[in-house]
Amino acid sequence: MSFLDTLLGRKHPPMIGLDISSSSVKLVELGQTANGEYVVERFGVERFEKGWIADGQIEKFDEVAEAVKRVVSKSGTKTRQVVMAMPQSAVITKKIMLPAGLREEELELQVETEANQYIPFSLDEVSLDFCVIGPSPTSVGDVEVLIAASRKDRVQDRQGLAEAAGLTPAVLDIESHASRLAMSRVIASLPNEGKDALVALFEIGADTTSLKVLRDEEMLYDRDQAFGGSQLTQLISRQYGFSYEEAEQKKLAADLPDDYETSLLAPFVDSLSQEIGRALQYFFTSTPHHKVHYVMLAGGTATLPGLKDRVTELTGFASMVVNPFENMRLGSAVRESKLRREAPSYLTACGLAMRRFVQ
């Protein structure tokens, strides 16, 4: 099992994508038709209680493992091979240049030597992997190599979760790589296949929102900020006297008092839109860029009523909510209305499931 396994050009048997975030575990299984169209075979989610996972660390292993078992069981999948991801914060990545034409063993030795300079732990304590990206654009006769390293205990936690749920971990990816893979389809559906377009992707999680600015295959900017959907849940909990879990359930089920939209939702949408505007301004002041062509919103909170329009209004840039399943066929086990409603929160899980087909 290794990071970036499928980037090395291997095609895999059926695998499910399993995205473990601070608030839930999401499952996606994709198939493919003979002419290469993706088919959504299964998807599902199980929520976590607050504190089960904190800052990417699994604090309540048994409870999380049970939730993983439940989502697998409810989905009805027979597939046991699984692709999972490490949070970006748990992985050190570095691009290096090495001479082209090295044999695999020579590459491994060179990577280990280089890795010593960039990794603040002993190599005995980390899981290390690398993949050759391709010829260096700046240095003739060299290749670009991406190194990825994470502490062994963090990797073993993820492996252990899969195994506790009766699954076989086949690939361990990085969350941001998986979401970018899913985004590549979304961007390709834009006018002119999205070529040269600057796309600002906001993934709004429970506690953290990440901004990635993408252009073609390149990530120009990546920054996390501490705001997300759990802030709205906390406001609901305080305003109406619900427990946090109860507030989250009622938020998801749209089962809240009549004054909710005016007293909590509208001000929250406004405040979230302003945070998004500020994050874009920060990008403009710290880079040579002064505009983006599209603002794309992903994550469960992206579907809040009025958010997309408010972001457009405040920033002046066209905004859209991401559906990673756009133009995919739906298998017989999939409820279209549910998939459409929840699609933006499955960006990373969809990217993980796509790993099976990446060559």
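The notes below deal with the structure included here. Each chain has its residues counted from 1, running along the sequence as written. Local features in a predicted model are, by the rule used here, given only for residues with pLDDT of at least 70; side-chain atom pairs are given and counted only at 80 or more, and totals for whole chains, interfaces and linings are based on all residues. No hydrogens and no water enter the side-chain calculation; it runs on all heavy atoms of the structure.

### Quick look at the layout of surface pockets
Step number 1: In this model, the second largest pocket occupies a volume close to 960 Å³.
Step number 2: In this analysis a 1.4 Å probe is tested at points of a 1 Å grid over the protein atoms alone, and where it fits but cannot get out there is a cavity; an open set with protein on both sides within 12 Å along at least five of seven lines is a pocket; lining residues have an atom within 4 Å of a point. Lining the second largest pocket are 29 residues, and of these His 177, Arg 180, Glu 217, Glu 218 and Met 219 sit closest to its centre.
Step number 3: Runs of E in the DSSP output that reach at least two residues are strands. Runs of H or I that reach at least four are helices, and both are numbered from the N terminus. Looking at the lining of the second largest pocket, the elements that each hand over two or more residues are strand E7 (92–99), strand E8 (126–135), strand E9 (142–151), helix H4 (175–188) and strand E13 (218–225).
Step number 4: Sorting elements by how many residues they give to the lining of the second largest pocket places H4 first, with eight residues.
Step number 5: Each residue receives one of three labels: charged for Asp, Glu, Lys and Arg, nonpolar for Ala, Val, Leu, Ile, Met, Phe, Trp, Tyr, Cys and Pro, and polar for the others, Gly being one of them. Of the residues belonging to the lining of the second largest pocket, the class tally is twelve nonpolar, six polar and eleven charged. Grid points are joined across faces, edges and corners, and a volume is the space filled by probe spheres set on the points.

### So, the packing of aromatic side chains
Step number 1: Two rings from Phe, Tyr or Trp (for Trp, the six-membered ring) form a pair when their centres are within 6.5 Å of each other. A pair whose planes differ by under 30 degrees is stacked, one over 60 is edge-to-face, and the rest are tilted. Scanning all chains against the criterion turns up eight aromatic pairs.
Step number 2: Centroid distance Tyr 240 to Phe 242: 6.0 Å. Interplanar angle 40°. Geometry classified as tilted.
Step number 3: The rule is simple: take the accessible area with a 1.4 Å probe, protein chains only, and divide by the maximum for that residue type; under 20% is buried, over 50% is exposed, in between is partly exposed. The class for Phe 242 is buried, based on a relative accessible area of 19%.
Step number 4: Of the aromatic side chains, those joined through ring pairs into one cluster are Tyr 221, Phe 283, Phe 284 and Phe 317.
Step number 5: Counted as over-ring charges are cases with an Arg CZ or a Lys NZ within 6 Å of the ring centre that also lie within 35 degrees of the ring normal. For the cation-ring pair, Arg 223 lies above Tyr 282, with the distance from its terminal atom to the ring centre recorded as 4.0 Å.

### Looking at the pairing of strand E11 (residues 198–204)
Step number 1: Across the seven residues of E11, seven count as buried, placing the element largely inside the fold.
Step number 2: Every second residue of E11 is oriented toward a common face, with Leu 198, Ala 200, Phe 202 and Ile 204 on one face and Val 199, Leu 201 and Glu 203 on the other, all of them buried.
Step number 3: Where E11 lies against strand E12 (residues 209–215), seven bridges are found, and the strand directions are antiparallel. Along E12, the bridge assignment pairs Val 199 with Leu 214.
Step number 4: Criterion used throughout: strands pair if DSSP finds at least two bridges between them. Linking E11 to E12, which pair antiparallel, is a turn of four residues.
Step number 5: Across five bridges, E11 lies against strand E14 (residues 294–298) in parallel orientation. Opposite Ala 200, over in E14, you have Val 295 as the bridge partner.

### As for the packing of helix H7 (residues 260–286) against helix H8 (residues 307–315)
Step number 1: Helix axes are fitted to C-alpha atoms over the stretch in contact, other axes to C-alpha atoms as well, and angles between N-to-C directions run from 0 to 180 degrees. Running from N to C, H7 and H8 cross one another at 45°; their axes reach a closest spacing of 9 Å. When the axes of H7 and H8 are compared, the pair comes out oblique. In the packing of H7 onto H8, the handedness of the crossing is right-handed. Where H7 approaches H8, its residues Val 269, Asp 270, Leu 272, Ser 273, Gln 274, Ile 276, Gly 277 and Leu 280 are matched on the opposing element by Leu 307, Arg 310, Val 311, Leu 314 and Thr 315.
Step number 2: Looking at side-chain class alone, the contact of H7 with H8 contains seven nonpolar, four polar and two charged residues. Angular relationships are summarised with four words: roughly parallel below 35 degrees, roughly antiparallel beyond 145, roughly perpendicular across 65 to 115, and oblique for the angles in between. The handedness criterion is simple: a crossing whose near helix is rotated anticlockwise from the far helix by less than a right angle is left-handed, and one whose near helix is rotated clockwise is right-handed. We call two residues in contact when some of their heavy atoms are within 4.5 Å.

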